[in-house]
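Survey of secondary and tertiary structure
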Amino acid sequence: MNNKEWSIKFSTLNNEIDDHHKELFQMTEMIDSTIRSTICKDNLYTLICFLEDYTCDHFKEEEALMLEKNFSNIDFHRQEHAYFQARVEPLRAMYERHEYAHAIFQIRQIIDKLVHHIQTVDIQLRKLK
Ligand SMILES: [Fe+2]
């Protein structure tokens, strides 16, 4: 069973309510198949490769700069980078399992959080100038 399937462990013990809930679970497959049919797999693969490189090479460069400049908030910054690396790491396996819809939603969330990271954490690099 995958997490998109309704299971007896989710039962409210009310048949009508359970039937409604089952419908919602079934809709997730419709959403996934709709997204699967519209996603450009080449673009998705490019995004995954970009994020893998970015969270490796770019983060290393930032952290090296912070070390060089003796930046006081480096531990927090490293934690944030580790969080992003952990989020990016499973994307390739998702792609290989053809879980395109799941991967694209994860990527959207990661990119949004990375933009926030740039605006709130990386901006502190200004102090090093
Ligand atoms: Fe950063």
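Notes on the structure follow. (Residues numbered from 1 in each chain as written. Predicted model: local features only at pLDDT ≥ 70, side-chain atom pairs only at ≥ 80, totals over all residues.)

Helix and strand content of the protein: 5 helices and 0 strands. Here the C-alpha radius of gyration of the protein, 20 Å, is well above what a compact globule of 129 residues would show, namely 14 Å. Summarising its shape, the C-alpha atoms of the protein cover approximately 65 × 35 × 20 Å along the three principal directions. By residue count, 5% of the 129 residues in the protein fall in the buried class. A fraction of 60% describes how many contacts in the protein between residues 6 or more apart in sequence connect residues 24 or more apart. (Helix = DSSP H or I, 4+ residues; strand = E, 2+ residues; numbered from the N terminus. Rg over C-alpha atoms; globule rule 2.2 N^0.38 Å. Buried ≥ 20, exposed ≤ 12 C-beta atoms within 10 Å, placed from the backbone. Contact = placed C-beta atoms within 7 Å.)

Turning our attention to helix α2 (residues 41–68). For α2, which comprises 28 residues, the first-to-last C-alpha distance of 40 Å matches the rise-based estimate of 40 Å (1.5 Å per residue) to within 8%. Along α2, the sharpest change in direction is near 30 degrees and occurs at Tyr 54. Positive phi appears at Asn 70, one or two residues downstream of α2, with a value of about 60 degrees. (Expected span 1.5 Å × (residues − 1). Bend = angle between axes of the 7 residues up to and from the residue.)

Excluding glycine, most residues fall at negative phi; most peptide bonds, likewise, are trans. The backbone of Asn 70 sits at a positive phi, close to 60 degrees, despite the residue not being glycine. Of note, His 98 is a non-glycine position whose phi angle comes to about 65 degrees, a positive value. Here His 98 falls in the exposed class, since 11 other C-beta atoms lie within 10 Å of it.

Orientation of helix α1 (residues 15–38) relative to helix α5 (residues 100–120), taken along the N-to-C sense of each, is 80 degrees, at an axis distance of 8 Å. By the angle between their axes, α1 is roughly perpendicular relative to α5. Between α1 and α5, the contacting residues are Ile 31, Asp 32, Ile 35 and Arg 36 on the first element and Tyr 100, Ala 101 and Ile 104 on the second. (Axes fitted to C-alpha atoms, helices over the stretch in contact; angles between N-to-C directions. Parallel < 35°, antiparallel > 145°, perpendicular 65-115°, else oblique.)

Before going further, it helps to examine the nonpolar core. Listed in full, the 6 residues of the largest apolar core are Leu 51, Val 88, Leu 91, Ala 103, Ile 104 and Ile 110. The leading source of residues in this core is α5, at 3 residues. The contacts of Ala 103, once residues within four sequence positions are left out, are Leu 44, Leu 91, Met 94 and Tyr 95. (Core = buried A, V, L, I, M, F, W, Y, C linked by C-beta atoms within 7 Å.)

Now for the packing of α2 against helix α3 (residues 74–88). Following both chains from N to C, one finds α2 and α3 inclined at 170 degrees, their axes separated by 10 Å at the closest point. Of the possible angle classes, the one that applies to α2 and α3 is roughly antiparallel. On α3, the residues that touch Leu 51, Glu 52, Thr 55, Phe 59, Glu 63, Met 66 and Leu 67 of α2 are Ile 74, His 77, Arg 78, His 81, Phe 84, Gln 85 and Val 88. Tallied by class, residues from the contact of α2 with α3 come to 7 nonpolar, 4 polar and 3 charged. (Nonpolar A, V, L, I, M, F, W, Y, C, P; charged D, E, K, R; others polar.)

Secondary-structure assignment places Glu 80 in helix α3. Since 19 C-beta atoms lie within 10 Å of it, Glu 80 is described here as partly exposed. In sequence terms Glu 80 and His 117 are 37 residues apart; their C-alpha atoms lie 8.0 Å from each other.

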